[in-house]
2 protein chains.
Amino acid sequence: MTVQTTFFTHDEPVPVVVENPHGAGRILLVCEHASCTMPARYGTLGLGEDVLKSHIAWDPGALAVARLLSQSLDATLIYQNYSRLIYDCNRPPESASAMPVISEIYNIPGNLALDDAERFARTAALYIPFQSGVRDLIDAKGEAGIETVLVTMHSFTPVYHGKQREVEIGLLHDADARLVDAMMEHAEGSNFRVERNEPYGPQDGVTHTLRLHALPGGLLNVMIEVRNDLIENEEGQRAAADFLSGLLKKAIAAHSP
Amino acid sequence: MTVQTTFFTHDEPVPVVVENPHGAGRILLVCEHASCTMPARYGTLGLGEDVLKSHIAWDPGALAVARLLSQSLDATLIYQNYSRLIYDCNRPPESASAMPVISEIYNIPGNLALDDAERFARTAALYIPFQSGVRDLIDAKGEAGIETVLVTMHSFTPVYHGKQREVEIGLLHDADARLVDAMMEHAEGSNFRVERNEPYGPQDGVTHTLRLHALPGGLLNVMIEVRNDLIENEEGQRAAADFLSGLLKKAIAAHSP
């Protein structure tokens, strides 16, 4: 489609990346906020360089942890290659936060008063191919006789609206809490402070990917949030990934026949 | 994409149809509500057979008139092959009326409480390919050195909420009234009762296709509404098409160098 080919210049990366596509594990790892890359056509959106690299543009560390999980669990990983400031792939097009005008304490000048053409172009170029890609991977597993366990990987800022957050790892769910129930049980006594539906929950509209792909087919699912100061470097990323990998294995085993 | 290939069964028609793709004229004809066909997966949406064939499901006569215009103006025509009750392609995904719960006096049971997965599937299968197709055709004309004149073709019911409508042909515009101004001028003294922004106008959210494709690039544009009792048969369709064809030719000539 022209919309998608003219959205990016020819030397820009593709928006949707799949790693370990033939991973044999049940888990599909999804990272909607993997990157702070801006499509060339958008320049800076009127933001400073520091803001464009901050947590409002992406989830720092999330992709690194997801890649480690992909290795240890032999899981396919799919991620969005562009900043959520252009389109937040964990939001449907009808959500105001899909193309946010304000994020935490920052106004996003380049997102003010978007017209129909601009909203369409972003939806068609970033959201539809990404979530269609997730659907395709789940369908392909299904055809191979494997029921997907959907795991989305996120990170959150330690200080939000000036307030320190104590939670270190959040396990989020929507209507289907089965996997999170088991993960919470196995997280007891760990070195991490793990909480359910913190620092966000379904009431904040953050479970879109789960609602889109896991709930209708009854797939086990979890949205994982790691505080980003814990996964700033490889050591931290490995510690988080090792912990989460063990937790996921035990929780999925608890739900397997 | 799996979303689109599994949305329809293999023996169902494609959602987006292009006729006279190499038409040499400047006009691109767009018919968002050309058909009352339901994708097999939706059954009846809980509606009676008469309602499924009524104006709430499509614009009766609009495609027939658009085809006659395509011939007389050598214009490419693009139309949506499925009912607007599933997705109204003249509405963005963020609009409640894209997948209406109520249309005129009818509740649409099958559209109640659509979940994220269902909204995504309809948007991806019907809206995105259709409006991407319109964009592609405009871009192709542009590459051939032709600036598109965008003409969308609709029909309206003579009785709405129990009230008779006197207007016969509505010429609708959004922020750019150039073409409609010229058409209104040339419509004076005709046999049709022609009105501007009637029986709907941009305040009703009906100018989405114009806003999506014509306004950003400054393309001449009009949304044409014909009262559907005038175009029930071929005679009426020919009379309307002959009138509109002449009107469009004169109005476009008035805006050409």
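Residues numbered from 1 in each chain as written. Chains lettered and ligands numbered in written order. Predicted model: local features only at pLDDT ≥ 70, side-chain atom pairs only at ≥ 80, totals over all residues. Heavy atoms only, no water.

Caption draft 1: Main features of the interface of chain A and chain B. Each side of the interface is counted separately: chain A has 24 residues, and chain B has 24 residues. Taking both sides of the interface into account, the surface hidden between chain A and chain B amounts to around 2200 Å²; carbon and sulfur atoms contribute 66%. Between the two partners, chain A and chain B, sit 4 salt bridges. Residue D116(A) pairs with R211(B) through a salt bridge whose shortest N-O separation is 3.5 Å. With 14 residues, helix α4 (residues 116-143) of chain A is the largest single contributor of residues to the side of chain A that touches chain B. Considered class by class, the residues forming the side of chain A that touches chain B number 11 nonpolar, 5 polar and 8 charged. (Contact = heavy atoms within 4.5 Å. Buried area = accessible area lost by both parts, 1.4 Å probe. Salt bridge = Lys/Arg side-chain N within 4 Å of Asp/Glu carboxyl O. Helix = DSSP H or I, 4+ residues; strand = E, 2+ residues; numbered from the N terminus. Nonpolar A, V, L, I, M, F, W, Y, C, P; charged D, E, K, R; others polar.)

Caption draft 2: Here's a closer look at the packing of helix α5 (residues 178-187) of chain A against helix α7 (residues 234-254) of chain A. Residue and element names in this part refer to chain A. Relative to each other, α5 and α7 sit at 120°, their axes nearing to 9 Å. Comparing the axis directions of α5 and α7 gives the class oblique. Remark: the crossing between α5 and α7 carries right-handed chirality. Listed contacts from α7 to L179, A182, M183, H186 and A187 of α5 are F243, L247, L248, K250, A251 and I252. Partitioning the contact of α5 with α7 into residue classes produces 9 nonpolar, 1 polar and 1 charged. (Axes fitted to C-alpha atoms, helices over the stretch in contact; angles between N-to-C directions. Parallel < 35°, antiparallel > 145°, perpendicular 65-115°, else oblique. Left-handed = near helix turned anticlockwise from the far one by under 90°.)

Caption draft 3: Summary view of the pattern of salt bridges. This model, assessed by the stated rule, comprises 28 salt bridges over all chains. Between R122(A) and E118(A) there is a salt bridge; the shortest N-O distance is 2.7 Å. Of this pair, R122(A) and E118(A) both sit in helix α4, 4 residues apart, which is roughly one turn of that helix. For the pair formed by R122(A) and E118(A), the shared burial category is buried. Residues participating in the shared-partner salt-bridge network are D116(A), D174(B) and R211(B). (Buried < 20%, exposed > 50% of the residue type's maximum accessible area, 1.4 Å probe, protein only.)

Caption draft 4: Structural view of a nonpolar patch on the surface. Residue and element names in this part refer to chain A. Residues V101, I102 and L112 make up a contiguous nonpolar surface patch of roughly 270 Å² in combined accessible area. Along the chain, the position of L112 falls in the loop between β5 (106-107) and α4. Look at L112 and you get exposed, because its relative accessible area is 53%. (Patch = residues over 30% accessible without salt bridge, like charges linked within 9 Å, V, L, I, M, F, W, Y side chains within 5 Å. Areas by Shrake-Rupley, 256 points an atom, 1.4 Å probe, with all protein chains shown as cover.)

Caption draft 5: Main features of the confidence of the model for chain A. Per-residue confidence for chain A gives a mean pLDDT of 95, with 98% of residues at or over 70. We note a pTM of 0.92 for the whole complex and an ipTM of 0.88 for its interfaces. (pLDDT = per-residue confidence, 0-100.)

Caption draft 6: Highlighting the pairing of strand β6 (residues 149-156) of chain B. Residues and elements named next belong to chain B. When you tally the buried positions in β6, you get 8 out of 8 residues, the bulk of the element. On β6, burial covers both faces: V149, V151, M153 and S155 on one face and L150, T152, H154 and F156 on the other are all buried. Relative to β6, strand β2 (residues 27-31) runs parallel, the two being bridged by 4 bridges. Bridge pairing in β6 places I27 opposite V149. In the sheet, β6 pairs with strand β11 (residues 221-227) via 7 bridges, with the strands oriented parallel. Paired with H154 across the strands is E225, a residue of β11. (Pairing = 2+ DSSP bridges.)

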